[in-house]
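Topology and contacts: notes
The chain contents come next:
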Protein chains: 2
Amino acid sequence: MNELERIAHLAARFGVGGPAVRVGIGDDAAVLEGFAGSLVWTVDAQVDRIHFRVEWASFYDVGFRSFMAAASDLAAMGAEPVAALSSLVLPLSVDDEAVGALSTGQADAARDVGAPIVGGNLARGTETSVTTTLVGRATHPVLRSGARAGDLLLLAGDVGLAGAGLLALLHGVQDARIAPCLEAWRRPRARIADGRMLAAFAQKGHAHAAIDISDGLVRDASHIARASGVRLVFDAEKLVTHVGPKLLAAADVLGRDPLSLALYGGEDYALLVASDVPMDGFSCVGVVEPVSPGKKPCVMVRGPSGTREVEPYGFDHFG
Amino acid sequence: MNELERIAHLAARFGVGGPAVRVGIGDDAAVLEGFAGSLVWTVDAQVDRIHFRVEWASFYDVGFRSFMAAASDLAAMGAEPVAALSSLVLPLSVDDEAVGALSTGQADAARDVGAPIVGGNLARGTETSVTTTLVGRATHPVLRSGARAGDLLLLAGDVGLAGAGLLALLHGVQDARIAPCLEAWRRPRARIADGRMLAAFAQKGHAHAAIDISDGLVRDASHIARASGVRLVFDAEKLVTHVGPKLLAAADVLGRDPLSLALYGGEDYALLVASDVPMDGFSCVGVVEPVSPGKKPCVMVRGPSGTREVEPYGFDHFG
């Protein structure tokens, strides 16, 4: 298919949009309505050999997970997804069947999230990349900067499983006990319903800050610590217990410490919230404390042998 | 600089945003306000060796032109740009100085257009690409589908110059008379003020359809023809006269027909409008006619030797 044929194919795949969509695919730009409150807007790109490898994930998975990665940012703001645009860069070697699988993965993720794909861009390149931009609505957008000493650290969703899946793929580990981790890496889910809960608690003044865990818990938590001027103290045991047997099994298979997997593995798209009350569907895995005199905002882990600061290692594209 | 340092650098470069920006760079997503009417939304990607070559355009130019290409879509909808997100994929070989130049080009274009960059994404890849998504406001978004038989075809901005500039670069042509074409290719301008004029005429019911010329006049005009179910008939002489002496000089230098340059050269980001009255700043270069019985919507050129249909050749990423 040539470019125009592919656009027509994508338009058919992505459907006609939702109630907020006045103009969808096929014009210079999409037209949306109903943003009388705040518009929340994000963009995320996934690049072949950096975020995925087509040997490790089907094109369907690539479409699905790249959409979910972008949608997760809206969940972390407590925003309701409204619509998306998809910008694809595709080498000539990516054939029509692959484009079909990729766009089906995107469309399925868009349906799950409730944000139809209403436009986009298509370009040739030497490297496959999928860039997704989403808009959503929020009455009380939840930022990274509102965490207060005394808040609970609440976590919804697994941390460490997707990272363990990626490790297994990198090292060619084949073991049935790693299957949930491969699934976590290939088919993450943006936690939209938890984002709705977050918004409700933010509106009542309880949820003060939030972030989604894309680059690893410690690295992403350090963004909240810095933006809020606090220190985040995770409870090692609660954290490992929260993720549960899948994490322990993966750690065993990979010969890794489960706590390290939970602290440093990315791409699960869990939600971390600082709130002064518990929230349904979230586990308490730590507390927010004031920064010690003369110290900087940081992330700490409290375990049987004491409390130690942990460095915000995690995926850095240029580090 | 590592990823976080680069983000901080970009945040400083892009500034603090405008009145519609509640949350800019540095959170999971940007938060905007004031979209009580229609939200107009576009995304555009520019890829190294497809849309530009770093040998031919400075990184500043790459940033500038990629932003303008995206902003042009809003102009073509009659929308007022509000804000932008920038998603960069950068090889490790693109050093901090290059990123600085690129982001300065983006920031300057954003200032020109009046749409601050309020967020984005940064990822490593093997191929440089710049993806820009913009939102704008419109009370009367102008689509491709409204052209009516009897409308005038109005053009604002040059067509063919940027394409001639690209040809000169491809063939290593060095001639002072080609300088305006190189400038057109390197530093296109989104026609935001003309877009405002378009919106005013749309509101009064006069401007019926519009598109920006990114892939060549005939190819982009064919989108209006098809979407509106009409044929667009360009006047060869008026078209060449509209662009003027720069086009004639470039045609002479390159040994090409000026009309062909005007019909098939892309990336000038001129605006083509179908309107039932003339508009300030636009030249009349043709008319909209009904489709002949048994024929399909098409694009035609009327010249001294008669009227002929022209094929919508133009840049196709996968054609």
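These lines cover the structure that appears in this document, whether it is placed above or below.

Right, let's talk about the overall build of chain A for a bit. A count of helices and strands for chain A gives 10 helices and 13 strands. For 319 residues, the compact-globule formula gives about 20 Å, and the C-alpha radius of gyration of chain A, at 20 Å, lands near that figure. Its C-alpha atoms put chain A at 60 × 50 × 35 Å along the principal axes. Counting the 319 residues in chain A, one finds 60% classified as buried. A separation threshold of at least 6 residues defines the contact pool for chain A, and within that pool the share at least 24 residues apart is 84%. As displayed, chain A has an accessible area near 11,700 Å², and 52% of this comes from carbon and sulfur atoms. Within chain A, the 37 negative side-chain charges are centred at a point lying 4 Å from the centre of the 28 positive side-chain charges.

Right, let's talk about the pairing of strand E7 (residues 152-156) of chain B for a bit. All names here are of chain B. With four of its five residues buried, E7 lies for the most part within the structure. Here five bridges tie E7 to strand E10 (residues 270-275), and the two strands are oriented antiparallel to one another. Paired with Leu-153 across the bridge in E10 is Ala-274. The pairing of E7 with strand E11 (residues 283-290) spans four bridges and is classified as antiparallel. If you follow Leu-154 over to E11, its bridge partner there is Cys-284.

This brings us to the packing of helix H4 (residues 161-170) of chain A against helix H9 (residues 245-254) of chain A. Residue and element names in this part refer to chain A. At a minimum axis separation of 10 Å, H4 and H9 run at an interaxial angle of 25°. When the interaxial angle is binned, H4 and H9 end up roughly parallel. Between H4 and H9 the crossing geometry is left-handed. Residues Leu-161, Ala-164, Leu-167 and Ala-168 of H4 form the contact with H9, whose own contacting residues are Lys-246, Leu-247, Ala-250 and Leu-254. Looking at the contact of H4 with H9 residue by residue, the classes come out as seven nonpolar, no polar and one charged.

To continue, consider the relation of the copies chain B and chain A. Expressed as a screw transformation, the operator carrying chain B onto chain A has a rotation angle of 180° and an axial translation of 0.0 Å, and the superposed copies differ by an RMSD of 0.0 Å. This pairing of chains is accounted for by a two-fold axis. Looking at the rotation axis and the C-alpha trace of chain B, the residue lying nearest is Ala-36 of chain B, at 2.2 Å. When you check the interface residues of chain B against chain A, 100% turn up at the interface there too, and the contact is symmetric in its surfaces.

The rules we used
- Residues numbered from 1 in each chain as written.
- Chains lettered and ligands numbered in written order.
- Predicted model: local features only at pLDDT ≥ 70, side-chain atom pairs only at ≥ 80, totals over all residues.
- Heavy atoms only, no water.
- Helix = DSSP H or I, 4+ residues; strand = E, 2+ residues; numbered from the N terminus.
- Rg over C-alpha atoms; globule rule 2.2 N^0.38 Å.
- Buried < 20%, exposed > 50% of the residue type's maximum accessible area, 1.4 Å probe, protein only.
- Contact = heavy atoms within 4.5 Å.
- Areas by Shrake-Rupley, 256 points an atom, 1.4 Å probe, with all protein chains shown as cover.
- Lys, Arg positive; Asp, Glu negative; His and termini not counted.
- Charge placed at Lys NZ, Arg CZ, Asp CG, Glu CD.
- Pairing = 2+ DSSP bridges.
- Axes fitted to C-alpha atoms, helices over the stretch in contact; angles between N-to-C directions.
- Parallel < 35°, antiparallel > 145°, perpendicular 65-115°, else oblique.
- Left-handed = near helix turned anticlockwise from the far one by under 90°.
- Nonpolar A, V, L, I, M, F, W, Y, C, P; charged D, E, K, R; others polar.
- Least-squares fit on C-alpha atoms with pLDDT ≥ 70 in both.

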